[in-house]
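This is what each chain is made of:
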Amino acid sequence: MRIFKILFVVAIFITNINSQTIINRYSEKLMLENDGNLKLDITFNLKSDSMHTLSLPLNFNNKDVKILNYDSTIQDIKLEKNDGVKFIVIYFKGFSDSLIDYNLKLEVKNYFDFEKNKTDFGNYILSYKFVNFSSLKIRKIESYIFLPEKYVFTSVLETLPKQKSNNPEDIYVFSRENSRNYIKLKNSDLGIGDGIFIKFKFKMEEKSKIFLVILVFIAVGYMIFFRDLVKQKKVK
Amino acid sequence: MEQVNTIAINPKQKIDDLLDLDKHKLSVIPEKKSTPLERWMKYLGLPVGIFVFSIIYFMPTPEGLTASGQSIIACFSFALVLWISESLPTHVTSLLLMIMLVFLDGWEMSNVLGVLGYDVIWLNVMAFILSSLLVKTQIAKRIALNLIVKFGHKSMPMLLAFVILQLSLAPLIPATAARTVITLPIMLIVAAIYGSTNEDPNGFGKNLLLQNLMGINIFSSGFLTGSTANIIAVSFIMSMADTKVYYTDWMFANLPVVIILMLIMWFLGPKLLIRMKPEEKVPVIEGGIDSLKNQLKKMGKMTKLEKKGALIFGIVVLLWITDRFHTMIFGFEIDPVMAAIVGGVITLLPKVGVLKWNEADIPWHLMLFSAGAYAGGLALNDSGAAKWVIERVFSLIHFDKNLNFWYIYIIVVGIMLFSHLVFTSKTMRTIILIPFIITLAKELGLNPLWLALPAAFTIDWVVGLPISAKPNVILFTTGQYSVLDNIKYGLFVSFIGLLLLIIAGMTWFRFLGITP
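Residues numbered from 1 in each chain as written. Chains lettered and ligands numbered in written order. Predicted model: local features only at pLDDT ≥ 70, side-chain atom pairs only at ≥ 80, totals over all residues.

**Let's talk about the overall build of chain A**
Link 1 in the chain: When helices and strands are tallied, chain A shows three helices and 13 strands.
Link 2 in the chain: Burial statistics for chain A: of 236 residues in total, 25% are counted as buried.
Link 3 in the chain: Partitioning the intrachain contacts of chain A with sequence separation of at least 6 by distance along the chain shows that 77% fall at a separation of at least 24. (Helix = DSSP H or I, 4+ residues; strand = E, 2+ residues; numbered from the N terminus. Buried ≥ 20, exposed ≤ 12 C-beta atoms within 10 Å, placed from the backbone. Contact = placed C-beta atoms within 7 Å.)

Set out below in structure tokens:
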């Protein structure tokens, strides 16, 4: 089975081979929705030159993927799967000798099961990896993972590449857009077979009101119980 | 809370009483009398801490910060209020902080509990074993008496002697913790001779310990090799700003600044910050300085026990001094902590050593304080919360090319200097801030050296909190000063230091070609 997998990747590589061509920038926005579906917005930038097609890796094996929309510069998109490896095959409209942005939007149904992935403190654990199974090298890759509204990141458990202690540049950063928190993971010069990976915890942004009430009780209780601290002189 | 009375110290005591370890054990929590202000602080500390915690914890998570980071900032702020106000004993606050970090999903339990195994805690334990060795063998008493007989007729020359001592040790022993361990027993005995014990610390003891805390840390910044972080900063300046900074460049520029800073603090500390009563300015020994001279005379030549103790301690000091040659000599490098453990093992070896376990005075309650406080600081680093705080501070200031250079200089150097309040690691602080400052300078069309090098000069000025650096943790465990004393003194030094760096930037650094 493995040999077919390798042959398939090699076949794709040969059909697209163009030593001059690289994907200049690959940016993907993964927007996790409350129902567990994932909206995927991919933008890549390249010179298509003499390429008719490009196979991009789709790292969502065993998931139901639906094409939502794509650019007018793209003639057609097909989802292909061979021996467990999913690809998006992009058919370009024409050749271009300048850098052009191509955009496509997909949806992955039932990507994340909130019930199954719940852990301590109401946290959910999500891991995501992108492996460059395309035939082209990627110069710069950015993956944005958006949480549903009212969810916040708790902590990052693991990343690839790892954050080196002597490297001032962050492998990942947290930010927010339209009330949705996201994490941006970046890397550069991704060869064929190279990838990025992140595993993180997130949870609903809600704090227990009972806890606040308890804190108020503790503060008031302390002030009553220890009032002798400031009354001592009068007692004397 | 029950009020306790102080064990009154007789203004004139016999030196043997003052130096009797069984009477002033650091491992026994002293009972101190509180002033009305301190009692009010104790009373209000917990409610204020809860209020500060609630504001931070219950606010919506700010952009760029994780939920863990938010919890950690809230817990640390709560603990900071409690440490300052002493509403709860400092070690209880630390334990509470550890619980909160875990229960509020700030830091993993294994990480929190693991802090007790950190090098700083081990060094602390070994520091007190070695300190007990110096005290039991009377070496510390001999050194302290010699110092006092020569300089200590009055407090100010005595304090100055310690400034000179720390300055001379700084280039010899780069590890700040090692310098602390060497001088700690001498500090404690000198403080005791001036009537300051952990049971009843006085102005002299506070000044002595805090001034040494400053000296140990700040003198490291006088030398490029004073800390690993200094070397990292210079390598960033070289790789990102294409400017080489030599050992002598660093020393000529910053050593005069730190010497002036320490002299200012030596002068102002006892006059402005922690004032000494007249009776605290002289040794509180029956018979005065003559009695101390007699004591020294009575000690005679070094005893066999003293020689043995000196040999053991000498081995440790030798290992600390020769750190850069370890690989050549042993084929591997001996970390300062391992060198201290080697000393601890020899000290406690039956027949070979000089100390029985029961004679080692280790303040375990303060180890717990250190572990909890360090856990809070490390969690701030680890979660990215410390970095987030600094980035927010930088983002509040709108830098642009039209700004006056000196305005940018003050802000950048100031942020670098005060950032030690949120970072417990000098290396981490350097790795995050120095490249940021170099990039900022480039964006503003400035020579990166103008900002990055003066900022790097403040890397070792980690003086604001008892957990800001290893020497701070070790010295705090002597019980001679409070968290509030440390903050007051540390912030004052930082402000004076910033002022000096501004003046130096406009004059001395300009003369040396570091600033425009």
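The structure having been displayed, the exposition proceeds.
**Some thoughts on the overall build of chain B**
Link 1 in the chain: Helix and strand counts for chain B come out as 24 helices and zero strands.
Link 2 in the chain: In terms of overall dimensions, chain B is globule-like: its C-alpha atoms have a radius of gyration of 23 Å, near the 24 Å expected for 516 residues.
Link 3 in the chain: When its C-alpha atoms are laid out on the principal axes, chain B stretches across 70 × 50 × 50 Å.
Link 4 in the chain: The buried share among the 516 residues of chain B stands at 53%.
Link 5 in the chain: For chain B, long-range pairs separated by at least 24 residues make up 81% of all intrachain contacts whose partners lie at least 6 apart in sequence. (Rg over C-alpha atoms; globule rule 2.2 N^0.38 Å.)

**Brief notes about the packing of helix α9 (residues 176-193) of chain B against helix α10 (residues 203-218) of chain B**
Residue and element names in this part refer to chain B.
Link 1 in the chain: Viewed as axis vectors pointing N to C, α9 and α10 meet at an angle of 165 degrees, and their least axial separation amounts to 11 Å. Comparing the axis directions of α9 and α10 gives the class roughly antiparallel. The chirality of how α9 crosses α10 is right-handed. Taken together, the residues of α10 that come into contact with α9 (itself represented by Thr176, Arg179, Thr180, Thr183, Met187, Val190 and Ala191) are Phe204, Gly205, Leu208, Leu209, Asn212, Ile216 and Asn217.
Link 2 in the chain: Across the contact of α9 with α10, the residue classes tally to seven nonpolar, six polar and one charged. (Axes fitted to C-alpha atoms, helices over the stretch in contact; angles between N-to-C directions. Parallel < 35°, antiparallel > 145°, perpendicular 65-115°, else oblique. Left-handed = near helix turned anticlockwise from the far one by under 90°. Nonpolar A, V, L, I, M, F, W, Y, C, P; charged D, E, K, R; others polar.)

**Remarks on the environment of Thr347(B)**
Link 1 in the chain: Here Thr347(B) lies in helix α16 (residues 336-348).
Link 2 in the chain: Those residues in contact with Thr347(B) that lie beyond four places of it in its chain are Ile129(B), Leu130(B), Leu133(B), Ile312(B), Gly353(B), Val354(B) and Leu355(B).

**Here's the deal with the sheet that holds strand β13 (residues 195-204) of chain A**
Residues and elements named next belong to chain A.
Link 1 in the chain: Taken in spatial order, the three strands line up as β8-β13-β10 in an open sheet, and their pairing is antiparallel. Of all the strands in the sheet, the pair left with one neighbour each is β8 (123-131) and β10 (151-160). Taken over all neighbouring pairs, the strand axes of this sheet differ in orientation by 20 degrees on average, direction set aside.
Link 2 in the chain: In this structure, β10 lies alongside β13, joined through eight bridges in antiparallel fashion. (Pairing = 2+ DSSP bridges.)

**Quick look at the interface of chain B and chain A**
Link 1 in the chain: Taken together, the contacts link 24 residues of chain B with 24 residues of chain A.
Link 2 in the chain: Elements represented by at least two residues in the side of chain B that touches chain A include exactly α2 (36-58), α3 (67-85) and α20 (426-443) of chain B.
Link 3 in the chain: Among the elements that make up the side of chain B that touches chain A, the one with the highest residue count is α2(B) (10 residues).
Link 4 in the chain: Residues of the side of chain B that touches chain A, tallied by class, amount to 13 nonpolar, seven polar and four charged.

**A closer look at the confidence of the model for chain A**
Link 1 in the chain: Of the residues in chain A, 87% reach a pLDDT of 70 or more, and the chain-wide mean stands at 84.
Link 2 in the chain: A low-confidence stretch, residues 10-19 of chain A stays under pLDDT 50, and its non-local contacts, those more than four residues away or across chains, total 15 contacts. (pLDDT = per-residue confidence, 0-100.)

**With respect to unusual backbone geometry**
Both trends apply: most residues other than glycine have a negative phi, and most peptide bonds are in trans.
Residues and elements named next belong to chain A.
Link 1 in the chain: In the segment running from Leu160 into Pro161, the intervening peptide bond is cis, with an omega of 0 degrees.
Link 2 in the chain: Residue position: Pro161 is located in the loop between β10 and β11 (172-177).
Link 3 in the chain: Non-glycine residue Asp189 carries a positive phi angle of around 50 degrees.

**Some thoughts on helix α4 (residues 90-103) of chain B**
Residue and element names in this part refer to chain B.
Link 1 in the chain: Spanning 14 residues, α4 covers 20 Å between terminal C-alpha atoms, matching the ideal 20 Å at 1.5 Å per step.
Link 2 in the chain: Listed as buried for α4 are Thr90, His91, Thr93, Ser94, Leu97, Met98, Met100 and Leu101.
Link 3 in the chain: Residues of α4 that are buried make contact with α3, α5 (109-114), α17 (364-382) and α23 (483-506). (Expected span 1.5 Å × (residues − 1).)

**Focus: the environment of Gly36(A)**
Residues and elements named next belong to chain A.
Link 1 in the chain: Counting through the fold element by element, Gly36 comes out in the loop between β1 (25-32) and β2 (38-46).
Link 2 in the chain: Through-space distance from the C-alpha of Gly36 to that of Glu205 is 17 Å; in sequence the pair is 169 residues apart.
Link 3 in the chain: Residues in contact with Gly36, not counting those within four places in the same chain, are Asn110, Tyr111, Phe112, Asp113 and Phe114.

**A closer look at the sheet that holds strand β4 (residues 64-70) of chain A**
Residues and elements named next belong to chain A.
Link 1 in the chain: With mixed pairing, the seven strands of this open sheet are ordered in space as β4-β7-β2-β1-β9-β12-β11. Among the strands making up the open sheet, the edge pair consists of β4 and β11. Direction aside, neighbouring strands of the sheet carry axes that sit 20 degrees apart on average.
Link 2 in the chain: In this sheet, strand β7 (residues 100-109) lies alongside β2 in antiparallel orientation, the contact comprising nine bridges. Bridging across to β7, Asn45 finds its partner in Asp101.

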